[in-house]
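Fold and geometry: a report
As a plain string of letters, each chain reads:
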Amino acid sequence: MTVRNNVSNRDNSNSYRIRERDTLSKIAARNGTTVDALAQLNNIADPNRIRAGTTIQLPSARDGFEGTTANPTQTNVGARQNPGDTFDAGTTAAAGLTSPNASGTNNGYRNIQDLGAFTRGGSNSEAAIVVGTSEGNRRPDGSFTSSYGGHTDPGNAAHNRGSFSYQGTGANTPQQADQIWNRELTNATPRYEAAARAAGLDPNNALLASTYFDLHTQSPRAAQNFINREMPRLAQDPRGVTRDSLIDARVNAYRNDQGVLRAAGFNHSESRLRADQTRRETALVTALDARGYRSGTTQADGVPQGQVPVPTPRPVSENPTVAPTPRPASERPTAAPTPRPASERPATTTNGATPTNLNDTERVAATTDRAAVQTRTPWISQYDASQVERAGDKACFRAATAMARQSGANVTDVTRRIQVATGEGPNGITVDRQAAERGRNYIDQQLAAGKPVVVGVNHKSTANVGNADGITDHFVVITGRGVDQQGRTYYTFNDPATRNQSRGADTNPNNRFYVDENTGGLTRPGPRTGYVVGRQFDVSMIRPNA
């Protein structure tokens, strides 16, 4: 689901306007970052001297192309059903691109003898400390910053916790979050190792491996472009695998195969993206140097160079459980719902923004009467981390826009929406008939042009303060229009709120909107409770294409 940013001094470009009595340390604390990161990103020579009314940039934006996946155990970032799509990982395979002229990885950093050991140890793993330093949640000596226990992401207002700024499910503490993401990095390591060797690079090089782990934490899709496309180029780079060449590779990893920069979280601005990637790579270098990974240095614990020990976990009593620092109510984004006790939760539901039966494998028979006007729109589950950034309960809009993109439709900003619903109550929404008619006409026009349309729907009586209208609960994609045997016009749609394609795809005869004669709006009849894929859907907004 989309999340509305409620911080009044922050705009959609991830900037912040300095207010009277602000200090850089206060701004950093409110936005889950550090004074050093803000100063470096904004070229502030003296962090103690800032001027009210000045606009500064906030680091590590996480909307759009980048972000931590919510269900890492399901991640398969190498899967690409539509190679070359704007937001997909690049298609240039690393295999077969080795060269006798490869520059190798002789960059002053020694090898990590065991990459598996690098990601073991929970919050005390080397990966957690090194990548955590880039994220601003750890220090190179392994200590924790105030944001480690929990903070609000400045890019998408989601709750982050742990060393890796984890936003997904299944973690009630920062230590659990670190364990989950360490496993994700472990699972991603074989793909990275194979690609590095095919490119003629040493996958165990500390700087190269740390860069990949850090980029995978920020954006799994950019990381896939990095190993598919950028590592073979690094092997040919006369500079070698250095900080500067890695920064260039990180920036280029956010380009599609046509070279177009696709970094929505940075407003597709190369200067902003480059500043962020420079900050992150510099933080990695700082952490690796401090931890003795540069050749010719000795670690503080006396381990000779060339031997990276398996981290020894600290006693449980030394692992902090810092609670998120409360922010003023006026600046606080929508709080995450408090989970119900396990005894009250259905075993097969995620109990999140999109209650979903993740064990649903029942085969739904496809409809026999196909729509007369039908776009070629693929179905994508919002739980598919290989195609959806930050996949999970709140990823319906990202999944819907991914479906639209793969059919050649680019969804515009929420400010250009056609707002159909003007209010909601226990019996559903109040519909603006003129807006509903304008919306249907727009949908008809787009379908005739072969493009699907993303629409917001309301399916429950309680307000959803996370979306711009406070009414929309979920997003689906209208894919076609037809007339049934009763002579009623219907609109087919793809619903991302399931892992069961036969239930979510527009071939499901239940995935149809009909025109409500009383209101002029589009509705799918059903109950107001239960799993989302079976509920009543009332179209609340229409998101035009570019």
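Residues numbered from 1 in each chain as written. Predicted model: local features only at pLDDT ≥ 70, side-chain atom pairs only at ≥ 80, totals over all residues. Heavy atoms only, no water.

Comments concerning the overall build of the protein
Tallying secondary structure elements over the protein gives 12 helices and 14 strands in all. Every one of the 546 residues in the protein was classed for burial, and the buried ones make up 56%. The contacts of the protein with a sequence gap of at least 6 include a subset with a gap of at least 24, amounting to 67%. A total accessible area of about 22200 Å² is found for the protein, and carbon and sulfur atoms account for 47% of it. (Helix = DSSP H or I, 4+ residues; strand = E, 2+ residues; numbered from the N terminus. Buried < 20%, exposed > 50% of the residue type's maximum accessible area, 1.4 Å probe, protein only. Contact = heavy atoms within 4.5 Å. Areas by Shrake-Rupley, 256 points an atom, 1.4 Å probe, with all protein chains shown as cover.)

What to know about helix α6 (residues 206-218)
Between the first and last C-alpha of α6 there are 18 Å, a value that for 13 residues agrees with the 18 Å anticipated at 1.5 Å per step. Of all 13 residues making up α6, 13 are buried, and the element is well covered by its neighbours. Backbone nitrogen of Leu207 and a side-chain oxygen of the N-cap are separated by 3.2 Å at the start of α6; the cap is Asn205. (Expected span 1.5 Å × (residues − 1). Polar contact = N/O pair within 3.5 Å; in protein donor to acceptor, adjacent residues only side chain to side chain.)

Brief notes about the packing of aromatic side chains
Applying the stated rule across the entire model yields 11 aromatic pairs. Ring centres of Tyr490 and Tyr514 lie 6.2 Å apart, and the angle between their planes is 55°; on these two criteria the pair is classed as tilted. Taken together, the residues span a long stretch of sequence, with Tyr490 in strand β11 (residues 489-494) and Tyr514 in strand β12 (residues 512-515) at a distance of 24 residues. By relative accessible area, Tyr490 is classed as buried at 1%. Taken together through their ring pairs, the aromatic side chains of Phe118, Tyr192, Tyr212, Phe213 and Tyr293 make up a single cluster. Over the ring of Tyr514 we find Arg488; its NZ or CZ atom is 4.2 Å from the centre of that ring. (Phe/Tyr/Trp six-rings, centres within 6.5 Å; stacked < 30°, edge-to-face > 60°. Lys NZ or Arg CZ within 6 Å of the ring centre and 35° of its normal.)

Comments concerning helix α4 (residues 126-135)
Within α4, 10 of the 10 residues are buried, which leaves it mostly tucked inside the rest of the structure. For α4, every residue scored as buried is listed here: Glu126, Ala127, Ala128, Ile129, Val130, Val131, Gly132, Thr133, Ser134 and Glu135. Structurally, α4 contributes buried residues whose contacts are with α3 (115-118), α5 (174-199), α6 and α9 (270-290). Phi turns positive one or two residues past the end of α4, at Gly136, with a value near 90°.

Some remarks on the pairing of β12
Bridge count for β11 against β12 is 3 bridges, and the pairing is antiparallel. By the bridge assignment, Thr492 is partnered in β12 with Arg512. Here β12 runs beside strand β13 (residues 522-524); their pairing, made up of 2 bridges, is antiparallel. Across the sheet, residue Tyr514 finds its bridge partner in β13, namely Thr523. A loop of 6 residues connects β12 with β13, the two strands running antiparallel in sequence, and Gly520 in this loop sits at a positive phi of about 85°. (Pairing = 2+ DSSP bridges.)

So, empty space enclosed by the protein
One water molecule sets the probe size; rolling that probe over the atoms shows where empty space is left. Taken as a whole and assessed by the stated rule, the structure comprises 3 cavities of 30 Å³ or more. Taken as a whole, the second largest cavity spans an internal volume of roughly 40 Å³. Lining of the second largest cavity is provided by Val420, Ala436, Arg440, Gly520, Gly521, Leu522, Val539 and Ile542. Residue composition of the lining of the second largest cavity, grouped by class: 5 nonpolar, 2 polar and 1 charged. (1 Å grid on protein atoms, 1.4 Å probe; cavity = no way out; pocket = protein on both sides within 12 Å on 5 of 7 lines; lining within 4 Å. Points joined across faces, edges and corners; volume = space filled by probe spheres on them. Nonpolar A, V, L, I, M, F, W, Y, C, P; charged D, E, K, R; others polar.)

A short note on the pairing of strand β9 (residues 453-458)
Where burial is concerned, most of β9 is hidden: 6 out of the 6 residues are buried. With burial as the criterion, each face of β9 is covered, one bearing Val453, Val455 and Val457 and the other bearing Val454, Gly456 and Asn458. Note that β9 and strand β10 (residues 474-483) share 5 bridges and pair antiparallel. Bridge pairing links Gly456 to Phe475 in β10. The pairing of β9 with strand β14 (residues 537-543) spans 5 bridges and is antiparallel. Considered in β14, the bridge of Gly456 is made with Met541.

Points about the confidence of the model for the protein
Per-residue confidence for the protein gives a mean pLDDT of 78, with 76% of residues at or over 70. Low pLDDT, under 50, characterises residues 60-103; the predicted model gives this stretch 161 contacts beyond four residues in sequence or across chains. Counted against residues more than four places away or in other chains, residues 297-349, with its pLDDT under 50, gives 82 contacts. (pLDDT = per-residue confidence, 0-100.)

A short note on the pattern of salt bridges
Applying the stated criterion to the full structure yields 25 salt bridges. Close ionic contact of Arg221 with Glu389 constitutes a salt bridge, the shortest N to O distance being 3.7 Å. In this pair, Arg221 is assigned in helix α7 (residues 220-236) and Glu389 in the loop between β5 (373-374) and α10 (396-405), connecting sequence segments 168 residues apart. For the residue pair Arg221 and Glu389, the accessibility class agrees, reading buried in each case. Asp538 serves as the salt-bridge partner of Arg528, at 3.5 Å between the closest nitrogen and oxygen. Here Arg528 is found in the loop between β13 and β14, whereas its partner Asp538 is found in strand β14, with 10 residues between them in sequence. One network of salt bridges, with partners in common, ties together Asp237, Arg239, Asp248, Arg255, Glu270 and Arg274. (Salt bridge = Lys/Arg side-chain N within 4 Å of Asp/Glu carboxyl O.)

A short note on the packing of α5 against α7
Closest axis-to-axis distance for the α5/α7 pair is 9 Å, and the angle between their directions is 25°. Considering the angle they form, α5 stands roughly parallel to α7. Considering how the two elements wind past one another, α5 and α7 form a crossing that is right-handed. The segment α5 lies against α7, with Arg191, Tyr192, Ala195, Ala196 and Ala199 engaging Gln224, Ile227, Met231, Pro232 and Ala235. Across the contact of α5 with α7, the residue classes break down as 8 nonpolar, 1 polar and 1 charged. (Axes fitted to C-alpha atoms, helices over the stretch in contact; angles between N-to-C directions. Parallel < 35°, antiparallel > 145°, perpendicular 65-115°, else oblique. Left-handed = near helix turned anticlockwise from the far one by under 90°.)

Observations regarding the nonpolar core
Counting residues in hydrophobic clusters, the biggest one holds 50 residues, and the most contacted among them are Tyr192, Leu201, Leu208, Phe226 and Met231. For this core, the elements supplying multiple residues, two or more each, are α3, α4, α5, α6, α7, α8 (243-252) and α9. Excluding residues within four positions of it along the chain, Leu208 makes contact with Thr105, Tyr192, Leu201, Asp202, Phe226, Met231, Leu234, Val241 and Leu246. Membership of the second largest hydrophobic core comes to 26 residues, among which are Ala436, Ile443, Val453 and Val533. (Core = buried A, V, L, I, M, F, W, Y, C linked by side-chain atoms within 4.5 Å.)

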